[in-house]
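Results of the structural survey
Chain residues, written in single-letter form:
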Amino acid sequence: MTLVDLPFTLFFLALIGWLGGPMMFVPMAVMVMLLLLSTIMKGKIGQTLDESARLSTQKQTQLLDSLYNLSDIKQNNAEGIIQRRWEQNPPLRFLIGISNHVNTPMLFLIR
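Not measured: the values here are computed from a predicted model.

1. A word on the packing of aromatic side chains
Counted by the stated rule, this structure contains 1 aromatic pair. Above the ring of Trp86, the side-chain terminus of Lys59 is found at 4.0 Å from the ring centroid.

Structure follows, in structure tokens:
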């Protein structure tokens, strides 16, 4: 929820309270649960983004290094070594997928 949405949220909560009385506490409880869940997930999502950025930078650095030194790699017959190093680097999509699968069960609590 953004700061711009806050007046409208308060208005609709007041409207629900005026029309439904204690029924207003149901959306309030859901809002509190969503705020707590988003606070908990914020740290985990931040860690995932940091790790993916680090791995992406590592892959790009390795790729650019290989491209800049392509003539040296071919002269020294080191294509296999470079390819093995590229393949041994953990795939970025795989690691992000694992992290998303770990965090996904928390998202099902919202539904």
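Structure shown, so let's carry the discussion forward.
2. What about the side chain of Gln62?
Within the fold, Gln62 resides in helix 2 (residues 25-68). What makes Gln62 buried here is its relative accessible area of 10%. Leaving out residues up to four positions away in the same chain, Gln62 has contacts with Ile82, Arg85, Trp86 and Asn89.

3. Comments concerning helix 2
Compared with the 64 Å implied by 1.5 Å per residue over 44 residues, the 63 Å span of helix 2 between its first and last C-alpha is a close match. In helix 2, a bend of some 30° at Lys42 exceeds every other bend along the element. Among the residues of helix 2, Leu37, Met41, Thr48, Ser52, Leu55, Lys59, Gln62 and Ser66 are the ones counted as buried.

4. Topic: a nonpolar patch on the surface
A cluster of nonpolar side chains, contributed by Phe8, Phe11, Phe12, Leu15, Trp18 and Leu19, occupies part of the molecular surface with about 760 Å² of accessible area. Positionally, Trp18 belongs in helix 1 (residues 6-20).

5. Observations concerning the packing of helix 1 against helix 2
Interaxial distance between helix 1 and helix 2 falls to 9 Å at its minimum, and their mutual angle equals 145°. From helix 1, Thr9, Leu13 and Ile16 reach across to helix 2, where they touch Pro27, Met28 and Met31. Counted by class, the contact of helix 1 with helix 2 contains 5 nonpolar, 1 polar and no charged residues.

6. Section: helix 1
Helix length check: helix 1, at 15 residues, gives a terminal C-alpha distance of 20 Å against a target of 21 Å (1.5 Å per residue), a fit within 8%. Backbone geometry just after helix 1 places Gly21 at a positive phi near 65°.

7. Some details on unusual backbone geometry
One non-glycine residue, Asn77, lies in positive phi territory at about 60°. You can see Asn77 is positioned in the loop between helix 3 (70-75) and helix 4 (79-88). Of the residues examined, Asn77 reaches a relative accessible area of 63% and is grouped as exposed.

What counts as what
Residue positions are given per chain, counting from 1 as you read along its sequence in written order. Local features in this predicted model are restricted to residues whose pLDDT is 70 or higher, and side-chain atom pairs enter the listing and the counts only when it is 80 or higher, whereas totals over whole chains, interfaces and linings include all residues. Working from all heavy atoms in the structure, the side-chain values ignore hydrogens and water. Any two rings among Phe, Tyr and Trp, with Trp reduced to its six-membered ring, count as a pair given centres within 6.5 Å; such a pair is stacked if its planes are under 30 degrees apart, edge-to-face if over 60, and tilted if neither. Throughout this description, the term charge over a ring refers to an Arg CZ or Lys NZ atom that lies within 6 Å of the ring centre and within 35 degrees of the ring normal. Runs of E in the DSSP output that reach at least two residues are strands. Runs of H or I that reach at least four are helices, and both are numbered from the N terminus. When a residue's accessible area, from a 1.4 Å probe over protein chains only, is under 20% of the maximum for its type it is buried; when over 50% it is exposed; and in between it is partly exposed. Two residues form a contact once any of their heavy atoms are found within 4.5 Å. Helices are assigned an expected span. That span is 1.5 Å times one less than the residue count. Fitting axes to the seven residues that end at a residue and to the seven that start at it, the angle between those axes gives the bend at that residue. Patch membership needs two things, relative accessible area over 30% and no salt bridge, and members are linked within 9 Å if like-charged or within 5 Å if nonpolar (Val, Leu, Ile, Met, Phe, Trp, Tyr). Only the protein chains shown count as cover for residues, and all accessible areas are computed by the Shrake-Rupley method using a 1.4 Å probe. By definition, a salt bridge exists where a carboxyl oxygen of Asp or Glu is found within 4 Å of a side-chain nitrogen of Lys or Arg. Lines are fitted to the C-alpha atoms to define the axes, a helix being fitted only along its stretch in contact, and any angle between axes, read from their N-to-C directions, falls within 0 to 180 degrees. Polar here means any residue other than Ala, Val, Leu, Ile, Met, Phe, Trp, Tyr, Cys and Pro, which are nonpolar, and Asp, Glu, Lys and Arg, which are charged; Gly is therefore polar.

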